[in-house]
Amino acid sequence: MNTREYAKIVQKNVPQSHTALNCLRAFAIGGGICAAGQGILQLFQLWGADELTARILTSVTLIFIGVLLTAVGVYDKLARKAGAGTLVPITGFANAMSASAIEFKSEGFITGVGAKMFAIAGPVLVYGISAAVLYGAVLWTLHLFGITLF
């Protein structure tokens, strides 16, 4: 079999990508999660919480919902359909944090859940802190030369 024949076989057997449909589905599911978050925020405000408290309660509620849906196996099924639509909202981060902890619960609380829970948070924290230091250094340097961006 030569390269051309092999390429034909591969092209025939590779599943077709439905990029437009995947993007639409991700937009709809991600937007739905964000709309649900907005509804929760308004519900807390309706119950009498001030804006800052309502925002905090909404974040905590969305994190709880993300962890709960991950624990019962629903979030992964939703993510298979929605793709990147479930990654962006706060529930996506809650899913990433809790999934690694839940996966290793059989190894115990210290060496399993405790150690693996921060497997995803470590790189996020390192990047966040490093980026903040870098951006701060750039802005400080520009300020020394009398250049203001804001």
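Thresholds applied
Every chain is numbered independently, its residues counted from 1 as its sequence is written. Totals for whole chains, interfaces and linings use all residues, but because this is a predicted model, local features are given only for residues with pLDDT of at least 70 and pairs of side-chain atoms are given and counted only at 80 or more. Remark: hydrogens and water are excluded; side-chain values derive from all non-hydrogen atoms of the structure. Only DSSP runs of H or I reaching four residues or more are called helices, and only runs of E reaching two or more are called strands; each is numbered from the N terminus. For every residue, the accessible area (1.4 Å probe, protein chains only) is compared with the maximum for its type, and the residue is labelled buried under 20%, exposed over 50%, or partly exposed between those bounds. Contacts are assigned to residue pairs with any non-hydrogen atoms lying within 4.5 Å of each other. Only the stretch in contact is used when fitting a helix axis, every axis being a line fitted to C-alpha atoms; angles between N-to-C directions are given from 0 to 180 degrees. Convention used here: angles under 35 degrees read as roughly parallel, angles over 145 as roughly antiparallel, angles from 65 to 115 as roughly perpendicular, and any remaining angle as oblique. Note on residue classes: Ala, Val, Leu, Ile, Met, Phe, Trp, Tyr, Cys and Pro are nonpolar, Asp, Glu, Lys and Arg are charged, and everything else, Gly too, is polar. In this scheme Phe, Tyr and Trp rings, the latter by its six-membered ring, pair at centre separations within 6.5 Å, and the angle between planes marks the pair as stacked below 30 degrees, edge-to-face above 60, and tilted otherwise. Within 3.5 Å is the distance limit for a polar contact, defined as a pair of N or O atoms, with the added protein rule that one can donate a hydrogen and the other accept it, and that residues adjacent in sequence qualify only through two side-chain atoms.

### A short note on the overall build of the chain
- In terms of helices and strands, the chain carries seven helices and zero strands.
- Sequence-ordered secondary structure for the chain, helices as α and strands as β, is α-α-α-α-α-α-α.
- Taking all 150 residues of the chain together, the buried fraction comes to 19%.
- Relative to all contacts within the chain whose residues are 6 or more apart in sequence, the contacts with residues 24 or more apart total 47%.

### Some details on the packing of helix α2 (residues 19-46) against helix α4 (residues 74-82)
- Taken N-terminus to C-terminus, the directions of α2 and α4 make an angle of 140 degrees; their axes are 8 Å apart at the nearest point. What the angle tells us is that α2 and α4 run oblique. For the pair formed by α2 and α4, the contact residues are Arg25, Ala26, Ile29 and Ile33 on the first element and Tyr75, Leu78, Lys81 and Ala82 on the second.
- Residue classes in the contact of α2 with α4 are distributed as six nonpolar, no polar and two charged.

### Concerning the environment of valine 67
- Looking at the element boundaries, valine 67 is found in helix α3 (residues 51-71).
- C-alpha separation for the pair valine 67 and glycine 92, spaced 25 residues apart in sequence, amounts to 9.3 Å.
- Ignoring any residue separated from it by four or fewer positions in sequence, one finds valine 67 in contact with Ala94 and Ser98.

### Re the packing of aromatic side chains
- Enumeration according to the criterion identifies one aromatic pair in this entry.
- With centroids separated by 5.8 Å and ring planes inclined at 80 degrees, the aromatic side chains of phenylalanine 44 and tryptophan 47 adopt a geometry described as edge-to-face.
- We classify tryptophan 47 as exposed; its relative accessible area is 61%.

### Comments concerning helix α1 (residues 3-13)
- Among the 11 residues of α1, zero are classified as buried, and the element is accordingly described as predominantly exposed.
- Between a side-chain oxygen at the N-terminus of α1 and the backbone nitrogen of arginine 4 the separation is 3.1 Å; the capping residue is asparagine 2.

### Quick look at the side chain of threonine 91
- By the secondary structure assignment, threonine 91 is in helix α5 (residues 90-103).
- Apart from residues lying up to four places away in sequence, threonine 91 is in contact with Ile33, Leu62, Gly66 and Tyr75.

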